[in-house]
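Chain and residue survey
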Amino acid sequence: MEPFKLPGPKARAIIERDHSVISPSYPRGYPFVMDHGKGTEVWDVDGNRFLDFAAGIAVASTGHSHPKVVKAIQDQAEQFIHISSDFYHSKWVEVAEKLDQIAPFQEDAISFMTNSGTESVEAAIKLARYYTGRSEFIGFFGGFHGRTMGAVTFTASKPHYHKGFFPLMNGVVHVPYPDPYHPLLSLRKGEDIGTAVIRYMEEEILGRILPAEDVAGILIEPIQGEGGYIVPPESFFPALRKLCDRYGILLIADEVQAGVGRTGKWWSIQQFGVEPDIICVAKGIASGVPMGAMVARKSVVTWPKGSHGNTYGGNPLACAASLATLDLIENQYMQNASEMGDYTLAKLGAMAERHPSMGCVRGRGLMIGIEFVKDPETHKSDEKLRDAVVDLAFERGLLLLGCGKSVIRVSPPLSITRADIDEGLAIMEEAIDLAEKGR
Ligand code: PMP
């Protein structure tokens, strides 16, 4: 297909104004300036149509401007927009009741509402310290948990997340993430990378440098997001749960990107049959209205009145959007994520047979990563090729986002149709063809 000439004149003008007044710290990629969206389709201000395989970093879970979500927000806006967390309102309770019903714990769940992923992680860090009376934590290389001072300490995928911001929070040790495609530890006989990481944590970390009785929590993404859409081996989470139980350490699952139905189950940790103690939630929970939650097993939530709070927690517009979103996901889109995810994985698997640069295709549901490599034997990353594919796809009407060193993530709305997947993957393959030729 003929590529668009991007950015168009209207987009260019807005970008120019943006650059003079908006913080340069945002990691903007290519110049997409949104005008409006419907489902999986979005249009830029110059009238170009795109398919959205990024969903605003896995946020627009019900598609752009789903009529039921729009109606819920409109109705709530007419009733009242804000009251503050000093008071009560019914939709806030309804969201928490829903979260209690779907939380991955046998025990009852208590929710603390936030406005973003990083705040959900902050709340989990504070609660874990409060409940255990311990100060230390374990996080993982490649992890992304947000940018506020506590959460960014755990974030460990690129040096620029930390550069210029030291000293960070005290008390976080990082260990290798169980990445089967790039194992960071050498494996002993009979081990896979899942069991090797557990052995390393127990022998080298808890055995040598960090007394287990001082560790409050282990914070982990059950499927790593920004780090490269990495799926750990089946062996890992059951062993991690046992390790936490052995030492009284809380298992905190960061479900900000992978949760709320994206993988075809409510929570990505449920892919591994394990119960955490706390989950951190945001992104897809309210279809893009800023909203998050820290959801914990009831017996862990011992902090008293006044110990943690915020102004906007349980914001009525966010709660209304969330109730409509959770209803759509439960009744339609979680099943769709599972079916369309399998369909997409199978098509990408077949595409990888034709393109040796597609070194690894992996994922669950509609959280799929494609890792581009220079050589399928050595798994050496090809970041340049990945970037070229993203740019070429954009010019042909497909929004993609990278992650990890050389990965493209496929994280479309959970409402995506087979026809949209076919169209998007055809554009992606054309982009890969062109990028491989230009190597
Ligand atoms: N945790 C994970 C797993 C994430 O992917 C992100 C955002 N990419 C965050 C936390 C931070 O969320 P927010 O940007 O809403 O603060």
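Preceding block: the structure.
So, here's what we can say about the structure.

Thresholds, definitions, all that
Residues numbered from 1 in each chain as written. Predicted model: local features only at pLDDT ≥ 70, side-chain atom pairs only at ≥ 80, totals over all residues. Axes fitted to C-alpha atoms, helices over the stretch in contact; angles between N-to-C directions. Helix = DSSP H or I, 4+ residues; strand = E, 2+ residues; numbered from the N terminus. Parallel < 35°, antiparallel > 145°, perpendicular 65-115°, else oblique. Left-handed = near helix turned anticlockwise from the far one by under 90°. Contact = placed C-beta atoms within 7 Å. Nonpolar A, V, L, I, M, F, W, Y, C, P; charged D, E, K, R; others polar. Buried ≥ 20, exposed ≤ 12 C-beta atoms within 10 Å, placed from the backbone. Pairing = 2+ DSSP bridges. Right-handed = clockwise from strand over helix to strand, strands pointing away.

1. Things to note about the packing of helix α9 (residues 316-354) against helix α11 (residues 418-437)
- One can describe the packing of α9 onto α11 by two numbers: an axis separation of 11 Å at closest approach and a directional angle of 25°. As judged from the angle between their axes, α9 and α11 are roughly parallel. Here α9 and α11 pass one another in a crossing that is right-handed. Touching M340, Y343, T344, K347 and M351 of α9 are R418, I421, L425 and E429, all from α11.
- Looking at the contact of α9 with α11 residue by residue, the classes come out as five nonpolar, one polar and three charged.

2. Things to note about the pairing of strand β4 (residues 109-114)
- Within β4, five of the six residues are buried, which leaves the element mostly enclosed by the surrounding structure.
- Where β4 lies against strand β10 (residues 292-297), six bridges are found, and the strand directions are antiparallel. Residue F112 lies in a different strand from β10, and its bridge partner there is M294.

3. Topic: the sheet that holds strand β14 (residues 398-399)
- With respect to topology, four strands assemble into an open sheet ordered β1-β2-β3-β14, the strand pairing being mixed. Edge positions in the sheet fall to β1 (34-38) and β14, since each of these pairs with one other strand and no more.

4. Overview of the pairing of strand β7 (residues 215-220)
- Among the six residues in β7, six count as buried, and that is most of the element.
- By the bridge criterion, three bridges tie strand β5 (residues 136-140) to β7 in an arrangement that is parallel. Following the sheet pairing, F137 is matched in β7 by G217.
- Pairing of β7 with strand β8 (residues 250-254), which is carried by four bridges, proceeds in the parallel orientation. Bridging across to β8, I218 finds its partner in L251.
- As a crossover connection, the stretch from β7 through helix α8 (residues 236-247) into β8 is right-handed.

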